[in-house]
Amino acid sequence: RLHQALDRFAGFAARQTESSGDTRDAGISINESGSHFFLDLDSIVYIEAADRKTIFHTAERSYAATGLLKSFEEKLLDSRIMRVHKTFMINTRYISHIKYLEKTPHAFLKDSEESTIPVGRKYFAALKDRLGL
């Protein structure tokens, strides 16, 4: 029985390894109040840090996940979602334009709420480079 169980486990582990691959472009798994959600990266409009939680804003709803923004930033390093402020990350696919408001650049997003996200000075050059500006 032990050998059968080990064989089944080895088969399971092999299937998991084959299907795991690099999921950074596919999506991210988050934990919200004990429920686990898998969010497609293209559905994420922006991510916000608030009160020791990280809020993922999608077109349908927002998810308040446990964990700090920094940990999610590391997971999303090579994706379309990038840090633009100490408390915000945005999906560059949703940027409609950038405009200065009171001497600070802001990214205007193409979402149902027409969100406006401030862009920090230290992130602005990287955002312009990513957008080809």
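Up top is the structure.
The following paragraphs examine the structure supplied in this document. These numbers come from a predicted model, not from an experiment.

A short note on the sheet that holds strand β10 (residues 116-118)
Thinking step 1. A sheet is described by the order of its strands in space; here three strands give the open sequence β8-β9-β10, paired in antiparallel fashion. One side of each edge strand has no neighbouring strand; the edge strands of this open sheet are β8 (95-101) and β10. Taken pair by pair, the neighbouring strands of this sheet meet at an average axis angle of 30°, ignoring direction.
Thinking step 2. Here β8 pairs with strand β9 (residues 104-109) via six bridges, running antiparallel.

Observations regarding the packing of aromatic side chains
Thinking step 1. Applying the stated criterion across every chain, the model contains four aromatic pairs.
Thinking step 2. Judged by centre distance (6.2 Å) and plane angle (50°), the ring pair of Tyr-46 and Phe-88 falls under tilted. Remark: Phe-88 occurs in strand β7 (residues 88-91) and Tyr-46 occurs in strand β3 (residues 44-50); sequence separation between them is 42 residues. Each member of the pair, Tyr-46 as well as Phe-88, carries the same accessibility label: buried.
Thinking step 3. The positively charged end of Arg-61 is found above the aromatic ring belonging to Phe-37, 5.4 Å away from the centroid.

Things to note about the sheet that holds strand β6 (residues 81-85)
Thinking step 1. Here five strands make up an open sheet; going across it, the order is β5-β4-β3-β7-β6 and the pairing antiparallel. Edge positions in the sheet fall to β5 (62-66) and β6, since each of these pairs with one other strand and no more. Geometrically, the sheet is characterised by an average inter-axis angle of 25° between neighbouring strands, direction not taken into account.
Thinking step 2. In this sheet, β7 lies alongside β3 in antiparallel orientation, the contact comprising three bridges. Bridge pairing links Glu-48 to Phe-88 in β7.

Structural notes on the side chain of His-57
Thinking step 1. Checked against the element boundaries, His-57 lands in strand β4 (residues 53-58).
Thinking step 2. One polar contact links His-57 to Glu-48, side chain to side chain, over a distance of 2.8 Å.
Thinking step 3. The contact partners of His-57, leaving out residues within four places of it in the chain, are Ser-43, Ile-44, Val-45, Tyr-46, Glu-48 and Ser-62.

What counts, and at which threshold
- Residue positions within a chain follow its written sequence, with the count starting from 1.
- Totals for whole chains, interfaces and linings use all residues, but because this is a predicted model, local features are given only for residues with pLDDT of at least 70 and pairs of side-chain atoms are given and counted only at 80 or more.
- With hydrogens and water stripped out, all remaining heavy atoms of the structure feed into the side-chain values.
- Strand pairing is defined by DSSP finding a minimum of two bridges between the two strands.
- The helix and strand labels rest on DSSP assignments: H or I over at least four residues marks a helix, E over at least two residues marks a strand, and numbering proceeds from the N terminus.
- Fitted lines through C-alpha atoms give the axes, limited to the stretch in contact for helices. The angle between two N-to-C directions lies from 0 to 180 degrees.
- Each Phe, Tyr or Trp ring (for Trp, its six-membered ring) is paired with any other whose centre lies within 6.5 Å, and the angle between the two planes then decides the class: stacked below 30 degrees, edge-to-face above 60, tilted in between.
- Only protein chains enter the area calculation, which uses a 1.4 Å probe; residues under 20% of their type maximum are buried, those over 50% are exposed, and those in between are partly exposed.
- Counted as over-ring charges are cases with an Arg CZ or a Lys NZ within 6 Å of the ring centre that also lie within 35 degrees of the ring normal.
- Whenever two N or O atoms come within 3.5 Å, that pair is a polar contact, provided that in protein one can donate a hydrogen and the other can accept it, and provided that, for residues adjacent in sequence, both atoms are side-chain atoms.
- For this analysis, residues touch if any pair of their heavy atoms sits within 4.5 Å.

Geometry only, nothing functional implied.
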